[in-house]
Amino acid sequence: MKMFRIILMILILQSIQSCTNDSSEDFLGVIPNVVNYTEHIKPIINNNCLTCHNSNPNPIGPFPLETYDEVQDKTENGNLLQRIQLPVGDPLIMPQTGKMSQTNIDIILKWKDQGYLEN
Ligand code: HEC
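Here is what the cut-offs are and how they apply
Residues numbered from 1 in each chain as written. Predicted model: local features only at pLDDT ≥ 70, side-chain atom pairs only at ≥ 80, totals over all residues. Helix = DSSP H or I, 4+ residues; strand = E, 2+ residues; numbered from the N terminus. Buried ≥ 20, exposed ≤ 12 C-beta atoms within 10 Å, placed from the backbone. Contact = placed C-beta atoms within 7 Å. Near = placed C-beta within 6 Å. Nonpolar A, V, L, I, M, F, W, Y, C, P; charged D, E, K, R; others polar. Axes fitted to C-alpha atoms, helices over the stretch in contact; angles between N-to-C directions. Parallel < 35°, antiparallel > 145°, perpendicular 65-115°, else oblique. Left-handed = near helix turned anticlockwise from the far one by under 90°. Core = buried A, V, L, I, M, F, W, Y, C linked by C-beta atoms within 7 Å.

Chemist: Provide a residue-level description of the overall build of the protein chain, including the pertinent values.
Modeler: Across its full length, the protein chain holds five helices and zero strands. A burial count over the protein chain gives 18% of its 119 residues as buried. Summarising the internal contacts of the protein chain: among those between residues at least 6 apart in sequence, 57% fall at separations of at least 24.

Chemist: Tell me what's going on with the site of the ligand, and back it up with residues and numbers.
Modeler: Among the 20 residues in the neighbourhood of the ligand, the closest are listed as Cys49, Cys52, Gly61, Met94 and Pro95. With three residues, helix α4 (residues 80–84) is the single largest residue contributor to the shell around the ligand. Broken down by class, the residue content of the shell around the ligand amounts to 10 nonpolar, eight polar and two charged.

Chemist: Mind laying out the environment of Asp113, listing which residues take part and the relevant values?
Modeler: Residue placement: Asp113 occurs in helix α5 (residues 102–113). For the pair Asp113 and Val35, spaced 78 residues apart in sequence, the C-alpha to C-alpha distance is 9.5 Å.

Chemist: How would you summarise the packing of helix α2 (residues 37–48) against α5 if you had to cite specific residues and measurements?
Modeler: Put simply, α2 and α5 touch, their axes get as near as 10 Å, and they point 135° apart. Between α2 and α5, the crossing angle belongs to the class labelled oblique. As α2 runs across α5, the sense of the crossing is left-handed. Across the interface between the two elements, His40, Ile41 and Ile44 from α2 touch Asn104, Ile107, Ile108 and Trp111 from α5.

Chemist: I'd like a description of the nonpolar core, backed by residues and values.
Modeler: In this structure, Ile41, Ile45 and Ile108 are the most contacted members of the largest nonpolar core, which totals 15 residues. Elements represented by at least two residues in this core include exactly α2, α4 and α5. Here the element with the most residues in this core is α2; it accounts for four residues. When residues no more than four places from it in sequence are discounted, the contact partners of Ile41 are Val71, Ile108 and Trp111.

Here is the structure:
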């Protein structure tokens, strides 16, 4: 019984840790061969943008980035790509909290190059 509680504790601690995982390490430096929204883009956006860009009553960001359509539109027609690639320290950089890893940025650029696959 004691062993079981210890294992449970470890599992709980691990899950807490994975939530607070540094977002810059999302894909541990690996760029997928084929990038799609559901598997790759959505987790990056969720970890780095959703705290502000959501559809809560009083969001900090000016628009939500919660669906494929919203993210695709801002990437193709908005200045999302420009804002995530600004130099470190630029006041307009997104996320406002600091530049993402180059891997994350490259994955989003590849998503565009491959035609914004959804799945
Ligand atoms: C800490 C809050 C916060 C986070 C995190 C954040 N944003 Fe923003 N974002 C804002 C605010 C506030 C604005 C409006 C002010 C501005 O344009 O700088 C904004 C503006 C933008 C704009 C410009 C909109 C326009 O029409 O000019 C884009 C694009 C954008 N965010 C994308 C992103 C992306 C992509 C991420 C994640 C990689 C992200 N943001 C993370 C708060 C945030």
